[in-house]
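Chain and residue survey
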Amino acid sequence: PLKELWEPAIDYAANGFPVFPHLARVIKSFGDERGHKDPAWAKIFFPGGKPLQVNELLVQNDLARTMSEISCNGRDAFYEGRVAESICRTFKEKGGCFSQEDFRGYHSVWETPIHGGYRGYDVYVPPPNSYGLLLLLQLALLERQDAATLTQNCGETVEQQLKAQTKALEHGCR
């Protein structure tokens, strides 16, 4: 059931999780560039006018409420309820053109995912026309690398990931 599946995510949004170093850098960088122009964003990521720091809790009560509504009420909670109204209102305020009729009239289509393996895991992604195939190609290239060298903050790791992305894009564009 959707409610059970979403429980951990709702809990993290409602109760927060500690900001890790990379996220703290991204929050500060984004906030320095344009974050304060969006009061809703600043309220979450710049509480009190200062960016969240490493190990401070990132709490997103509105996200928890939204996910809870969707997990309990399914599709209608997103496409016909408060969530759709809020999205349309925000887009209108920012010059967008979504209407509630757009949301009500939308029906998703289930596509059979494609999959591949990565270090003993099955990875499922959306089929083309998406970036799913490119992700599988990138993972296939990275799987050839020694896992011990793929650490999060290592410049060499970033270089290997970028090379894999480039090769995957070259292959995918053929």
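The sections below set out a description of the structure shown in this document. Every chain is numbered independently, its residues counted from 1 as its sequence is written. Totals for whole chains, interfaces and linings use all residues, but because this is a predicted model, local features are given only for residues with pLDDT of at least 70 and pairs of side-chain atoms are given and counted only at 80 or more. As a rule here, side-chain values cover all heavy atoms of the structure and leave hydrogens and water aside.

Some words on the overall build of the chain
Secondary structure elements follow DSSP: runs of H or I of four or more residues count as helices, runs of E of two or more count as strands, with numbering from the N terminus. Along the backbone of the chain there are nine helices and four strands. Sequence-ordered secondary structure for the chain, helices as α and strands as β, is α-β-α-α-β-α-α-α-α-β-β-α-α. Its C-alpha radius of gyration of 20 Å places the chain more than 25% over the 16 Å reference for a compact globule of 174 residues. Seen along its three principal axes, the alpha-carbon backbone of the chain occupies a region of about 45 × 40 × 35 Å. Only protein chains enter the area calculation, which uses a 1.4 Å probe; residues under 20% of their type maximum are buried, those over 50% are exposed, and those in between are partly exposed. Out of the 174 residues in the chain, the part that is buried amounts to 26%. By element, 56% of the accessible surface of the chain is carried by carbon and sulfur atoms, the whole surface being about 12,400 Å². One way to put it: in the chain the 19 positive side-chain charges average out to a point 6 Å from where the 22 negative ones average out. The globule rule used here is 2.2 Å times the number of residues to the 0.38 power, and the radius of gyration it is set against is calculated over C-alpha atoms. All accessibility values rest on the Shrake-Rupley procedure with a 1.4 Å probe; residue burial counts only the protein chains present in the view. A positive count includes Lys and Arg, and a negative count includes Asp and Glu. His and the chain ends are not counted in either. A single reference atom marks each charge: NZ on Lys, CZ on Arg, CG on Asp, CD on Glu.

Focus on the pattern of salt bridges
In the sections that follow, a salt bridge refers to a side-chain nitrogen of Lys or Arg positioned within 4 Å of a carboxyl oxygen of Asp or Glu. Scanning the model with the defined rule gives five salt bridges in all. A salt bridge links Glu 69 to Arg 82; the nearest nitrogen and oxygen atoms lie 2.9 Å apart. In this pair, Glu 69 is assigned in helix α4 (residues 61–73) and Arg 82 in helix α6 (residues 82–93), connecting sequence segments 13 residues apart. Of the charged contacts in the structure, one is a salt bridge between Asp 76 and Arg 75, with a shortest N-O distance of 3.6 Å. With a relative accessible area of 42%, Asp 76 lands in the partly exposed category. Each of the salt bridges in this network shares a partner with another, and the network as a whole consists of Arg 65, Glu 69 and Arg 82.

Quick look at unusual backbone geometry
For the peptide bond that leads from Pro 128 to Asn 129, omega is 20 degrees, which places it in the cis range. Non-glycine residue Asn 55 carries a positive phi angle of around 75 degrees. Examined against the element boundaries, Asn 55 turns out to sit in the loop between α3 (39–45) and β2 (57–58). With a phi angle near 50 degrees, Arg 119 is a residue other than glycine that sits in the positive phi range. The topology assignment puts Arg 119 in the loop between β3 (114–118) and β4 (121–125).

What to know about the packing of aromatic side chains
When the centres of two rings from Phe, Tyr and Trp lie within 6.5 Å, Trp using its six-membered ring, the rings pair. Their planes under 30 degrees apart give stacked, over 60 give edge-to-face, and anything left gives tilted. Evaluated as defined, the whole model comprises 10 aromatic pairs. Between Phe 78 and Tyr 79, the ring centres sit 4.8 Å apart and the planes meet at 75 degrees, which makes this aromatic pair edge-to-face. On the basis of relative accessibility, which here comes to 26%, the residue Phe 78 falls in the partly exposed class. Both rings, one in Phe 91 and one in Phe 98, keep their centres 4.8 Å apart while their planes meet at 80 degrees; by these two values the pair is edge-to-face. An aromatic cluster is built from Phe 78, Tyr 79, Phe 91, Phe 98, Phe 103 and Tyr 106, whose rings are joined through pairwise contacts.

Here's the deal with the pairing of β3
Across five bridges, β3 lies against β4 in antiparallel orientation. Each residue of the ladder has a partner; that of Tyr 118, found in β4, is Tyr 121. With antiparallel pairing between neighbouring strands as the criterion, β3 and β4 make up a hairpin whose turn holds two residues, including Arg 119 at a positive phi of roughly 50 degrees. Only strands that DSSP links by at least two bridges are regarded as paired with each other.

What about the environment of Cys 88?
Mapping Cys 88 onto the fold places it in helix α6. Judged by relative accessible area, which is 7%, Cys 88 ranks as buried. Remark: the alpha-carbon pair of Cys 88 and Ala 168, spanning 80 residues in sequence, is separated by 36 Å.

As for the environment of Leu 162
With respect to the helices and strands, the residue Leu 162 is situated in helix α9 (residues 155–172). Note: C-alpha distance between Leu 162 and Gln 138 (24 residues apart in sequence) is 9.2 Å.

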